[in-house]
Amino acid sequence: MNLGNLPFIVSALLVVLGIYTLLFKRNLIKLVIGISLIETGVNLFLVMLGYRSKGIAPIYTFAPAGERMVLPTPQALTLTSIVIGLATTALLLSFAVFIWRHYGTLDVHRIKELKG
Amino acid sequence: MNGGMSVIVRTVSRFVYGLILVFGFYVIMHGHLTPGGGFQGGAVVASAFALLVVAFGAAGLKGRLNAHLLQSLEEIGALAFLALGFLGIGTAFFYNLLANSGGLFGASVPIGPNNGVLDSAGTLPLMNWAVGLKVMTGIASIVIVMLIGARKEEVK
Amino acid sequence: MSALSVHAPVLLIAIPLLGAFAVPLIGKLGRGVRDAFVGLIAAFTAALAGLLAANVFGNGGAASVYVLGGKPFDIPLPSGMTAPIRILLEVDGMSAFMALITALVTLTAIAFSFSYWRERSGGSMYHSLLLLLTAGIFGMELTGDMFNFFVFLEVTSIAACGLIGFRVWLGRTQEAAFKVMTLYTLSGLFVLLAIGLLYGEHGGLNIAYLAHSLSGGIVDKIALGLLLTGLAMKAGAVPMHMWAPDAYGEAPAPTSAVLVANSQASLYGLFRVLFTLFGITVSTATTGWILIVFALLTIFVGVTMALVQSDIKRLIAYGAVSQIGYMLLGVGVGLATIVTKPTYGFVAMQGGIFHMVNDAACIGLLFLVAGAVTRAAGTRDLNKMGGLAHTMKYTSVFFIIGAFALAGVPPFNGFASKFLIYEASFKLSPFLAIIAILSSILLLAVFVKAFQGAFLGPKPASLGGGEAPLGMLIPMAVLALVVIAFGLFPGFFVERIVTPAARALWFGRDAYISAILGG
């Protein structure tokens, strides 16, 4: 089944949804979800770069002979990006927890101690 | 997240916890042959830990958590990774000294599709273990802080 | 000694990383042991940076390559390959120059934080994060691989935000850290998207390999736009500077100095992308003028926002933002004229690059002074402080040195670099030089107001504290010495340090590529 350009369109859609969430939502947890959406879109884009049509996984263990393999480098890039995303999300959520303890609210428009 | 869940959940999770641990260690160990490796296996083991925290709650696990031990193990994992990087500094940093050398993890790797030799690839499985240790203890620490420590207290 | 200098590029990244991982374990042995260990690591790193710079500048600025994990560490293309297969570190004149700046700033900041943290707990984690930030900044400056650059970019983002939000007992630090982390992550994702586009189009991640195979098509232009946006966002150029006053203002004082080095490292990444990666394959006149427009906005908005601040650290933070604009102006004029290569273009490059080291020293000095002042006065509000010159004589002298140097008053170093920028940008378009000079005068007014608020006048009875302790005065004295020395002998330093860096960017694209791909 030929997917054509569909994965790239889905990736762009995810990034656009993520940017929309960052711009228009007020809850801090929703902002973190928006960043996570953008990261997912970019990771999907990175993995799709290596796909070659009718390719199998790029692993030599128990590999059937004579088949074309997809590129392994984008998979390494995506894995690194997922790990970085994990660390970023953990840090952002920790800050959200502390903000809730200090201000009692998670609404961006009401946390305005820093001005100017 | 103080209270745990019902009896059925607790019994099943006690049983499944061991299976998840075995699978996680398998993924770490075979990182140089099949998909997986340090981070992926470490995340699986940490999810087993998160399962326990959700099933038993903070009160149920009160006596068994040692945050200082987790932190020390995390640092040991990181230092082991850097030490393995410095191992081949005579040639270059991160040089794979043990590969194809006949010693620990030193069997030679056949070219092309093969049946997977566990004994090969030199410092790679050792680095997988170091990274896996760091990731599993690191994510477990994050899970502890977030699920158990996130209570609304007054600010000092 | 030769083994150290040969492995110096990778040791500059690995030794701070080792320190960052080992400090919590060693910290359990006691505060004195931990401070000695951190000081040893910092001193060793600074010595390595000096050794690397001496090697690279002694070779006439030729690029030296280090292959991570390669059988010999200096052959990038092993038997018969046409593309590099491992992660390479490539150090040319500009990288060595940035490594020198980073070493200076982090050494003084770590030395300052020994006395700054004397009364408080949690110091092991603080020093661990600071060393991790140092390792990340060195990684960004020495690497020759685009994806490796992205990884170190994210490492510095995470470490920097961990340091900004370190004082968890204050609400505003958490708010600042959340906002800064969001913007840093967004900029990192733009850079990753651009790297993915370049990889998909050309099939490689090494900077020299990509530079060799770039052709200037539509995908390359989109990647250039994304990289420009992402890296300028992280450097703090207007209109994406909103995170900068929060970040510099809420971090502990020595950390703000290292955060300035962080912004300069991403500015270095921008220059590396524009000059070495893309070079003349895209229209440099257009990109140069985009940089100049960003620069003018940054200079102007930075200074005018600094006028209305009453918090001393936010005031210096806006000053730091506007100085980034001067660097962008100098290098932007150089980029806009790189095709015809007139002499004033090279002078502009020298001015912009010289301003990087001057700005790092001056802003570092000012932030350390602000740390000493807020610790003595107990408040950060300029309206509530006063009369500190009676008790803090040395600190007020250091403030005068840093402020006058930043505003471009002779005989300090700011005047030398700003004069080069004024001269060269006047030849391109007189309007640029006029805005730059006016903003310098405004900046002088801002700092005079800050000096009057903090140091002059009668002292309110509620303020305590005497002179800053010796552990804080010595790092400030080192930076002040650098400021005065670079101001009194600018020609010497420009010729030794800045000209190889400017030549590496302006003329050195082919040398950079052939160092890896073999000409």
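Look above for the structure.
Each value, and the rule that gives it
Residues numbered from 1 in each chain as written. Chains lettered and ligands numbered in written order. Predicted model: local features only at pLDDT ≥ 70, side-chain atom pairs only at ≥ 80, totals over all residues. Helix = DSSP H or I, 4+ residues; strand = E, 2+ residues; numbered from the N terminus. Buried ≥ 20, exposed ≤ 12 C-beta atoms within 10 Å, placed from the backbone. Contact = placed C-beta atoms within 7 Å. Axes fitted to C-alpha atoms, helices over the stretch in contact; angles between N-to-C directions. Parallel < 35°, antiparallel > 145°, perpendicular 65-115°, else oblique. Nonpolar A, V, L, I, M, F, W, Y, C, P; charged D, E, K, R; others polar. Expected span 1.5 Å × (residues − 1). Bend = angle between axes of the 7 residues up to and from the residue. Core = buried A, V, L, I, M, F, W, Y, C linked by C-beta atoms within 7 Å. Pairing = 2+ DSSP bridges.

A. Here's a closer look at the overall build of chain C. For chain C, the count of helices and strands is 19 helices and 2 strands. Along the first, second and third principal axes, the C-alpha atoms of chain C reach 75 × 60 × 40 Å. By the burial criterion, 63% of the 519 residues in chain C qualify as buried. Look at the contacts in chain C between residues 6 or more apart in sequence, and 81% of them connect residues 24 or more apart.

B. Molecular detail of the packing of helix 1 (residues 2–27) of chain C against helix 4 (residues 123–142) of chain C. Residue and element names in this part refer to chain C. Running from amino to carboxyl end, helix 1 crosses helix 4 at an angle of 170°, the nearest separation of the two axes being 8 Å. As summarised for this structure, helix 1 and helix 4 are arranged roughly antiparallel, according to the angle between their axes. From helix 1, P9, L12, I13, P16, L17, G19, A20, V23, P24 and G27 reach across to helix 4, where they touch S124, M125, H127, S128, L131, L132, T134, A135, F138, G139 and L142. When the residues that make up the contact of helix 1 with helix 4 are grouped by side-chain class, the tally is 14 nonpolar, 7 polar and no charged.

C. View of helix 18 (residues 490–506) of chain C. Compared with an ideal rise of 1.5 Å per residue, which puts 17 residues at 24 Å, helix 18 of chain C spans 21 Å between its outermost C-alpha atoms and falls more than 12% short. Where helix 18 of chain C bends most, at V498 of chain C, the angle is about 45°, and the proline P500 of chain C comes one to four residues later.

D. Layout of the interface of chain B and chain C. With 15 residues of chain B in contact, the opposing surface of chain C contributes 16 residues. Among the residues making up the side of chain B that touches chain C, the classes are represented as 9 nonpolar, 4 polar and 2 charged.

E. Inspection of the interface of chain C and chain A at higher detail. Contacts between chain C and chain A engage 27 residues on the former and 27 residues on the latter. Put simply, the parts of the chain that give the side of chain C that touches chain A at least two residues each are helix 5 (146–164) and helix 6 (171–202) of chain C. For the side of chain C that touches chain A, the per-class residue count stands at 14 nonpolar, 9 polar and 4 charged.

F. Molecular detail of the environment of L198 of chain C. Residues and elements named next belong to chain C. In this fold, L198 is placed in helix 6. The exposure class assigned to L198 is buried, which follows from the 26 C-beta atoms found within 10 Å. Sequence-wise, L198 and F73 are 125 residues apart; in three dimensions their C-alpha atoms are separated by 27 Å.

G. Focus on the nonpolar core. In this structure, L12, A99, L365 and V483 of chain C are the most contacted members of the largest nonpolar core, which totals 269 residues. Excluding residues within four positions of it along the chain, L365 of chain C makes contact with F398, G402, M476, L479, A480 and V483 of chain C.

H. Geometry of the pairing of strand 1 (residues 64–67) of chain C. Residues and elements named next belong to chain C. Side chains S64 and Y66 project from strand 1 onto one buried face, and the interleaved V65 and V67 project onto a second face that is buried too. One ladder, built from 4 bridges, connects strand 1 with strand 2 (residues 88–91); its direction is antiparallel. Across the sheet, S64 pairs through a bridge with V91, a residue of strand 2.

Without other data, these values stay purely geometric and don't point to any function.
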